[in-house]
Amino acid sequence: MRGILKIDWFVPALLLAIFIGWLWPEGGIGTGPFSVKSLSGIGVSIIFLLYGFRLNFKVIIKSMSNWRLHMLVQSATFLIFPLLAIVAKYAFGNDGYLWQGIIFLSIMPSTVSSAAVLVSLANGNVPAALFNSSLSSIIGIILPPVYLSILTGSTGTTFHVGDVFIKLTFQILLPIIIGVVMNPYVGKTAIKYRNFTRYFDQMVILSIVYYSFANSFYINQFKGLTLFDILMLIGALTFIFVLVNAIIYFIGKRLKLNSADITTALFCGSTKSLVHGSTMGRLMFAGNPAVGVIILPILVYHSLQLMMSSFMVNWLKVKNNLTD
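Residues numbered from 1 in each chain as written. Predicted model: local features only at pLDDT ≥ 70, side-chain atom pairs only at ≥ 80, totals over all residues. Heavy atoms only, no water.

S.K.: So, empty space enclosed by the protein: which residues are in play, and what are the values?
M.R.: With the rule as written, the count across this model stands at three cavities of 30 Å³ or more. For the second largest cavity, the calculated volume is near 50 Å³. Along the walls of the second largest cavity sit Thr111, Ser114, Leu118, Thr271, His302, Gln305, Leu306 and Ser309, which together make up its complete lining. Contributions of two or more residues to the lining of the second largest cavity are made by α7 (113-121) and α14 (291-323). (1 Å grid on protein atoms, 1.4 Å probe; cavity = no way out; pocket = protein on both sides within 12 Å on 5 of 7 lines; lining within 4 Å. Points joined across faces, edges and corners; volume = space filled by probe spheres on them. Helix = DSSP H or I, 4+ residues; strand = E, 2+ residues; numbered from the N terminus.)

Have a look at this one:
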């Protein structure tokens, strides 16, 4: 449980960033090389460079043989989750920014470090977790712009898939590639100080959350959002989380995966990356004043997956120990 509790401070920190965005929106709407927006953009590239430093290509290659597990995880992340979100959207007949945010959440890749930590705590297959999280991160650069263009038709502003690809390539993919190339030289050091770099990651995310919500508060974009809407959002995301995990567990059993692999599939297939969500939201919805509303579901889901995953860790740890 210690690995989960260490990052629990981040949830109230996110709420504080939103509160400051409401209290002082002027600080988040500035432009220029030293604005919050520009500095956070530089921070994002550093995040993925550091991630590449920790990514050992040889280890990833060795984990490729367990194809049934990998297919299950990637299908859950990029097919099952989006399908459930789309069904829910059309079932409720809602086409507002909040539902656009749920669709955006559904097409995000899984978490990287958090998934590996959770899998480790629950006695799952850690190398497979690292492989799937890494693969998900790469796929998560390519698919979301295409998905979003097809599913929503528009982001509320002019949306050019090609332009987004170029931005994602230079801000995310290129730093990862450089990091992987440098891994043999700096990998051990990067892994040694990964707890320190995690705080840097979280500070960059907080800056993105602050200016995103500041822009939305500045033009009063949250005016029509009620407490009932927030409660419904929490309920919908909780239901999706539980349903996705149930589907993964059922399919894992049908595929006759062992307990460690099913554990890996659960945590890698149902979690969503706040790093990717906040970063890609910043790029894909650039110029959209409702970006704060759109990224709200991924902030809520991040908090929910932290809380519910802690209960899953305890249950799976006991279950896996009994089956060993």
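S.K.: How would you summarise unusual backbone geometry if you had to cite specific residues and measurements?
M.R.: One non-glycine residue, Asn123, lies in the positive phi region at around 60 degrees. For Asn123, a relative accessible area of 32% puts it in the partly exposed group. (Buried < 20%, exposed > 50% of the residue type's maximum accessible area, 1.4 Å probe, protein only.)

S.K.: Run through a nonpolar patch on the surface, naming residues and quoting values.
M.R.: Residues Ile166, Phe170, Leu174, Ile177, Ile178, Val181, Met182 and Tyr185 make up a contiguous nonpolar surface patch of about 820 Å² in total accessible area. In this structure, Phe170 sits in helix α9 (residues 161-192). (Patch = residues over 30% accessible without salt bridge, like charges linked within 9 Å, V, L, I, M, F, W, Y side chains within 5 Å. Areas by Shrake-Rupley, 256 points an atom, 1.4 Å probe, with all protein chains shown as cover. Salt bridge = Lys/Arg side-chain N within 4 Å of Asp/Glu carboxyl O.)

S.K.: So what's going on with the confidence of the model for the protein chain? Which residues, and what values?
M.R.: Predicted coordinates in regions of low pLDDT should not be interpreted in detail. Mean pLDDT over the protein chain: 84, with 92% of residues reaching 70 or higher. At the low end of the mean pLDDT range in the protein chain sits helix α1 (residues 2-5), at 42; at the high end sits helix α12 (residues 259-270), at 94. Segment residues 1-7: pLDDT under 50, and 14 contacts once partners within four positions in sequence are set aside and those in other chains are kept. (pLDDT = per-residue confidence, 0-100. Contact = heavy atoms within 4.5 Å.)

S.K.: Any details on helix α11 (residues 227-254)? Residues and values, ideally.
M.R.: With 28 residues, α11 ought to run about 40 Å at 1.5 Å a step, and its terminal C-alpha atoms sit 41 Å apart, in line with that. Every buried residue of α11 is listed here: Leu233, Leu237, Ile240, Phe241, Val244, Asn245, Ile248 and Gly252. Lys256 sits one or two positions beyond α11 and adopts a positive phi of about 60 degrees. (Expected span 1.5 Å × (residues − 1).)

S.K.: Any chance you could break down the nonpolar core for me, citing the residues and the numbers?
M.R.: Ranked by internal contacts, the top residues of the largest apolar core, which has 85 residues, are Leu14, Val209, Phe213, Leu237 and Phe267. Sorting elements by how many residues they give to this core places α14 first, with 14 residues. Apart from residues lying up to four places away in sequence, Val209 is in contact with Leu14, Ala17, Ile18 and Leu299. (Core = buried A, V, L, I, M, F, W, Y, C linked by side-chain atoms within 4.5 Å.)

S.K.: Go over the packing of aromatic side chains, please, and point to the residues and values.
M.R.: Under the definition given, this model contains nine aromatic pairs. Ring geometry for Trp24 against Tyr210: centres 6.4 Å apart, planes inclined by 25 degrees, an arrangement best described as stacked. With Trp24 in the loop between α2 (10-23) and α3 (36-53) and Tyr210 in helix α10 (residues 194-218), the pair connects residues that are 186 residues apart, well separated along the chain. Under the relative-accessibility criterion, Tyr210 is labelled buried at 10%. When the ring of Phe104 is compared with that of Phe285, the centres are 5.2 Å apart and the planes differ by 80 degrees; the resulting orientation is edge-to-face. Here the residue Phe104 occupies a position in helix α6 (residues 97-106), and Phe285 occupies one in the loop between α13 (274-284) and α14, the gap between them amounting to 181 residues. Each residue in the set Phe81, Phe241 and Tyr301 is aromatic and connected to the rest through ring pairs, giving one cluster. (Phe/Tyr/Trp six-rings, centres within 6.5 Å; stacked < 30°, edge-to-face > 60°.)

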